[in-house]
Amino acid sequence: MWRAPGGRRGVEGAATVRDMRIGIVGRHVEIMKGALALADEAGHDARGTLDDAEALLWVQQQQIGALLIGGGVEPEPRDTLLAACEQYDVRGVEVHGPANIGAILRGLSESGA
């Protein structure tokens, strides 16, 4: 598992979308490192994995508020992860291409999800 070094808090005790932990699951180490760096720059507390089972555990234990699923994740685990996100009230977001990660992170911030 990789982890972004950030994770900033605003007002003491007040949770904001920027405090929401984001999980990222993908297949490529370099893309993962870039995605985590973008999340950190945007002020998100993010963790990443290449392991579907680890990402599923984060969702089931509600350790994250949103899960970004990289385009390289195969259809079966993608469907499993998205279904779990729905069941556990975690926002599941499909990401198709590393260029989209920044826009998705901004969208999460703006929507309050």
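Here, every reference points to the structure presented above.
Each value, and the rule that gives it
Residues numbered from 1 in each chain as written. Predicted model: local features only at pLDDT ≥ 70, side-chain atom pairs only at ≥ 80, totals over all residues. Heavy atoms only, no water. Helix = DSSP H or I, 4+ residues; strand = E, 2+ residues; numbered from the N terminus. Buried < 20%, exposed > 50% of the residue type's maximum accessible area, 1.4 Å probe, protein only. Contact = heavy atoms within 4.5 Å. Areas by Shrake-Rupley, 256 points an atom, 1.4 Å probe, with all protein chains shown as cover. Core = buried A, V, L, I, M, F, W, Y, C linked by side-chain atoms within 4.5 Å. Pairing = 2+ DSSP bridges. Arc of directions from axis to C-beta. 1 Å grid on protein atoms, 1.4 Å probe; cavity = no way out; pocket = protein on both sides within 12 Å on 5 of 7 lines; lining within 4 Å. Points joined across faces, edges and corners; volume = space filled by probe spheres on them. Nonpolar A, V, L, I, M, F, W, Y, C, P; charged D, E, K, R; others polar.

Asker: Go over the overall build of the chain with me, naming the residues and quoting the values.
Answerer: When helices and strands are tallied, the chain shows four helices and five strands. For the chain, the succession of helices and strands along the chain, N to C, is β-β-α-β-α-β-α-β-α. When the 113 residues of the chain are sorted by exposure, 40% land in the buried category. For the chain, the share of sequence-separated contacts (at least 6 apart) that also reach a separation of at least 24 residues comes to 68%. For the chain, the accessible area works out to roughly 6000 Å², and carbon and sulfur atoms hold 51% of it.

Asker: How would you summarise the nonpolar core if you had to cite specific residues and measurements?
Answerer: Ranked by size, the top nonpolar core spans 16 residues in total, and within it Ile 22, Ile 24, Leu 68, Leu 105 and Leu 108 carry the most contacts. Listed by contribution, the elements that provide at least two residues to this core are strand E2 (21–25), helix H1 (29–41), strand E4 (66–70), strand E5 (91–95) and helix H4 (101–111). Not counting residues up to four positions away in its chain, the partners in contact with Leu 105 are Ile 22, Leu 38, Ala 39, His 44 and Leu 68. Among the nonpolar cores identified, the runner-up in size contains 12 residues, and Val 59, Leu 67, Ile 69 and Cys 85 belong to it.

Asker: Go over the pairing of E5 with me, naming the residues and quoting the values.
Answerer: Across five bridges, E4 lies against E5 in parallel orientation. Bridging across to E5, Leu 68 finds its partner in Val 93.

Asker: Describe in detail helix H2 (residues 52–60), supporting the description with residues and values.
Answerer: Listing the buried residues of H2 in full gives Ala 55, Trp 58 and Val 59. On an axial view of H2, the arc spanned by its buried residues comes to 100°, and they lie on one face. Those residues of H2 that are buried are in contact with E2, strand E3 (45–49), E4 and helix H3 (75–87). Directly beyond the C-terminal end of H2, a positive phi value near 50° is found at Gln 62.

Asker: A description of the environment of Gly 71 should follow, citing residues and the corresponding values.
Answerer: Topologically, Gly 71 is positioned in the loop between E4 and H3. In this structure Gly 71 comes out as partly exposed when scored by relative accessible area, which is 45%. For the pair formed by Gly 71 and Glu 94, sequence separation is 23 residues and the distance between their alpha carbons is 7.0 Å. Setting aside residues up to four positions removed in sequence, Gly 71 forms contacts with Arg 78, Val 95 and His 96.

Asker: Any chance you could break down the layout of surface pockets for me, citing the residues and the numbers?
Answerer: There is about 200 Å³ of room inside the largest pocket. What lines the largest pocket is a set of 18 residues, among which Gly 26, Ile 31, Gly 70, Gly 71 and Ile 101 lie closest to the centre. When contributions to the lining of the largest pocket are tallied by element, the ones reaching two or more residues are E2, H1 and E4. In terms of residue class, the lining of the largest pocket is built from 11 nonpolar, six polar and one charged.

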